[in-house]
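# Geometric and topological summary
Single-letter residue listing:
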Amino acid sequence: MQAINHYWQTLNVVSLSLAPVSLLFCLLVWFRRFLYRIHWLKSKSSDIPIIVVGNIYIGGNGKTPFVIELVKQLKRSGYQPAIVSRGYGAINEKEANMAWPRQVNERKNNHLFGDEPLLIQRATQCPVFIDPKRTRAVDAIIKETSCDVIVSDDGLQHYAMPRFIEINITDAKRLYGNTLCLPAGPLREPVKRLTSVDYIVYNISRLMGDHGTHTLAENAFTMDYEYLSLKPLVAPHSKHIKSMTLDDLKGKIVHSVAGIGDPNAFFLLLKNKGIKVIEHAFDDHYQYKKEDFLFTDSYPIIMTEKDAVKCHSFSLSNTWYLPINAKVDPTLWVKIVEQLKIF
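Residues numbered from 1 in each chain as written. Predicted model: local features only at pLDDT ≥ 70, side-chain atom pairs only at ≥ 80, totals over all residues. Heavy atoms only, no water.

### A few points about the overall build of the chain
- Within the chain, the regular secondary structure consists of nine helices and 14 strands.
- Against the globule reference of 20 Å for 343 residues, the chain gives a C-alpha radius of gyration of 20 Å, in line with a compact fold.
- In the chain, once contacts between residues fewer than 6 apart in sequence are set aside, the share between residues at least 24 apart is 69%.
- Each charge sign in the chain was given a centre, from 41 positive and 34 negative side chains, and these centres are 2 Å apart. (Helix = DSSP H or I, 4+ residues; strand = E, 2+ residues; numbered from the N terminus. Rg over C-alpha atoms; globule rule 2.2 N^0.38 Å. Contact = heavy atoms within 4.5 Å. Lys, Arg positive; Asp, Glu negative; His and termini not counted. Charge placed at Lys NZ, Arg CZ, Asp CG, Glu CD.)

Dropping the structure here:
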């Protein structure tokens, strides 16, 4: 039998058999949100605005590149942003001998923080705090930094955390699958939840060719990826500047390693560039070991930047990662900045 997510894009025997469980899941989600709306469960207050970037579709929608670009745009607009994250993949308090919340420090063991927080901190050079209870991370940011706006990497369903702006990232190719909630479908909340978010951003990076001229709602925008030159996997503070393009690998065989929400998207990107790919898919937030890269041949190894932040200590040769930039409709940045002015 296929993995459960194989059945999430269509209505089929497996998804329909799980529909009663999904209905119960949806009811519990609705009831929990209802308790927050009537203030039976309370959200904490915040003296500074919080922008939540999340999704109702579980995993692999392009949220992290968007967060990085949003933070950069806020800095260009004169803000001092900080980021809060759940820190998926970070080791727990007992193993780490370090309490929550934690401020990300790239000079320390990457296992303390998780891959996405490390990537965001390295790309933005802004404070990043992680905690399974995001409200504690928010409190720490306000207490320990001079930031004037907080961006939450994920957390759309973390209702204990206040939010001034909500942004949902949608994969324009998968959209909302079969529109069922977990486990029969891929959704954390029903599609109707999108009527209450401030902005919807459609990630069109996996759409091939003409993206069409579909009319978007007033609060909907598009995001594509700009693929930069491949960079070698070297020590984090190395001055090594060697690089190559994806075109340099056209027609060649490579090992492609991806431990992200949707590894197939990365493999397909390389194949569409004419590269012959030997696929190595790992679970999202997988903690690599050097043995994972000990292949019996000398083909180049290509990975995502998110994977690379966990592999710098391995001293691997002929290993490269692909940085990407999110290209977002600039009108969205204007609207967000204007909205922040009225906080």
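Anyway, onward from the coordinates.
### Topic: helix α3 (residues 63–76)
- Over its 14 residues, α3 runs 20 Å from end to end, which matches the ideal 20 Å to within 8%, given 1.5 Å per residue.
- All buried positions along α3 are accounted for by K63, T64, P65, F66, V67, I68, E69, L70, V71, Q73 and L74.
- G78 occupies a position one or two residues after α3 and carries a positive phi of about 95 degrees. (Expected span 1.5 Å × (residues − 1). Buried < 20%, exposed > 50% of the residue type's maximum accessible area, 1.4 Å probe, protein only.)

### Re the packing of α3 against helix α9 (residues 330–340)
- Packing of α3 against α9 leaves a shortest axis separation of 11 Å and a crossing angle of 60 degrees. As the angle between them shows, α3 and α9 are arranged oblique. By crossing handedness, the relation of α3 to α9 is classed as right-handed. Here F66, E69, L70, Q73 and L74 of α3 lie close against α9, whose contacting residues are L332, W333, I336 and L340.
- Within the contact of α3 with α9, the residues separate by chemical class into seven nonpolar, one polar and one charged. (Axes fitted to C-alpha atoms, helices over the stretch in contact; angles between N-to-C directions. Parallel < 35°, antiparallel > 145°, perpendicular 65-115°, else oblique. Left-handed = near helix turned anticlockwise from the far one by under 90°. Nonpolar A, V, L, I, M, F, W, Y, C, P; charged D, E, K, R; others polar.)

### Let's talk about the sheet that holds strand β4 (residues 128–130)
- Sheet architecture is open: nine strands sit in the order β3-β4-β2-β5-β1-β6-β7-β8-β14, paired in mixed fashion. Of all the strands in the sheet, the pair left with one neighbour each is β3 (102–103) and β14 (324–328). (Pairing = 2+ DSSP bridges.)

### Overview of the environment of C147
- Along the polypeptide, C147 turns up in the loop between α6 (134–144) and β5 (149–153).
- Classification of C147 by relative accessible area gives buried; the value is 12%.
- In the structure, C147 is positioned 48 residues away from A99 in sequence and 22 Å away in space, judged by C-alpha atoms.
- Those residues in contact with C147, other than ones at most four positions away along the chain, are I48, Q80, P81, A82 and I141.

### Regarding the pattern of salt bridges
- Taken as a whole, this structure holds 17 salt bridges when the rule is applied.
- One salt bridge in this structure joins E116 and K63, with 4.0 Å as the shortest N-O distance. Of this pair, E116 sits in helix α5 (residues 115–124) while K63 sits in helix α3, placing them 53 residues apart in sequence.
- Ionic pairing is found between D153 and K63, a salt bridge with its closest N-O pair at 3.0 Å. Separated by 90 residues along the polypeptide, D153 in strand β5 and K63 in helix α3 bring together distant segments of the chain.
- Judged by its relative accessible area of 2%, D153 is buried. (Salt bridge = Lys/Arg side-chain N within 4 Å of Asp/Glu carboxyl O.)

### Digging into the side chain of K306
- Looking at the element boundaries, K306 is found in helix α8 (residues 305–308).
- The exposure class of K306 is buried, given its relative accessible area of 10%.
- Separated by 2.8 Å, the side chains of K306 and E116 make a polar contact.
- Residue contacts for K306: discarding those within four places in its chain leaves D115, E116, L119, G259, I260, D284 and H285. (Polar contact = N/O pair within 3.5 Å; in protein donor to acceptor, adjacent residues only side chain to side chain.)

### Side note on the nonpolar core
- By size, the foremost hydrophobic cluster in this structure holds 40 residues, and its most contacted members are I51, V53, F66, L70, I167, L332 and I336.
- It is α3 that contributes the most residues to this core, six residues altogether.
- Residues in contact with L70, not counting those within four places in the same chain, are I51, V53, V151, W333 and I336.
- C26, I50, V52 and I56 belong to the second-largest nonpolar core, a separate cluster that totals 27 residues. (Core = buried A, V, L, I, M, F, W, Y, C linked by side-chain atoms within 4.5 Å.)

### Focus: the environment of F314
- Relative to the helices and strands, F314 is located in the loop between α8 and β13 (319–322).
- Ignoring any residue separated from it by four or fewer positions in sequence, one finds F314 in contact with Y288, K289, K290 and F293.

### Some points on the pairing of strand β11 (residues 276–281)
- Bridging between strand β10 (residues 253–258) and β11 involves six bridges; their strand directions are parallel. Bridge pairing links I253 to K276 in β11.
- Chirality of the crossover, the property in question, places the unit of β10, helix α7 (residues 263–272) and β11 among those that are right-handed. (Right-handed = clockwise from strand over helix to strand, strands pointing away.)

### Considerations on the packing of aromatic side chains
- Applying the stated criterion across every chain, the model contains eleven aromatic pairs.
- Note on W30 and F34: the rings are 5.3 Å apart at their centroids and 10 degrees apart in plane angle, and the pair reads as stacked. Taken together, the residues span about one helical turn, with W30 and F34 both in helix α2 (residues 19–37) at a distance of four residues.
- We classify W30 as partly exposed; its relative accessible area is 48%.
- Taking relative accessible area as the criterion, F34 reaches 28% and is therefore assigned partly exposed.
- Ring plane angle 45 degrees and centroid distance 5.4 Å describe the contact between Y288 and F293, whose orientation is recorded as tilted.
- Aromatic ring contacts, followed pair by pair, group F282, Y286, Y288, F293 and F314 into a single cluster.
- Directly above the aromatic system of Y88 lies the positively charged group of R86, at a separation of 5.1 Å from the ring centroid.
- A cation over a ring is seen here: R102 above W100, with NZ or CZ 3.8 Å from the ring centre. (Phe/Tyr/Trp six-rings, centres within 6.5 Å; stacked < 30°, edge-to-face > 60°. Lys NZ or Arg CZ within 6 Å of the ring centre and 35° of its normal.)

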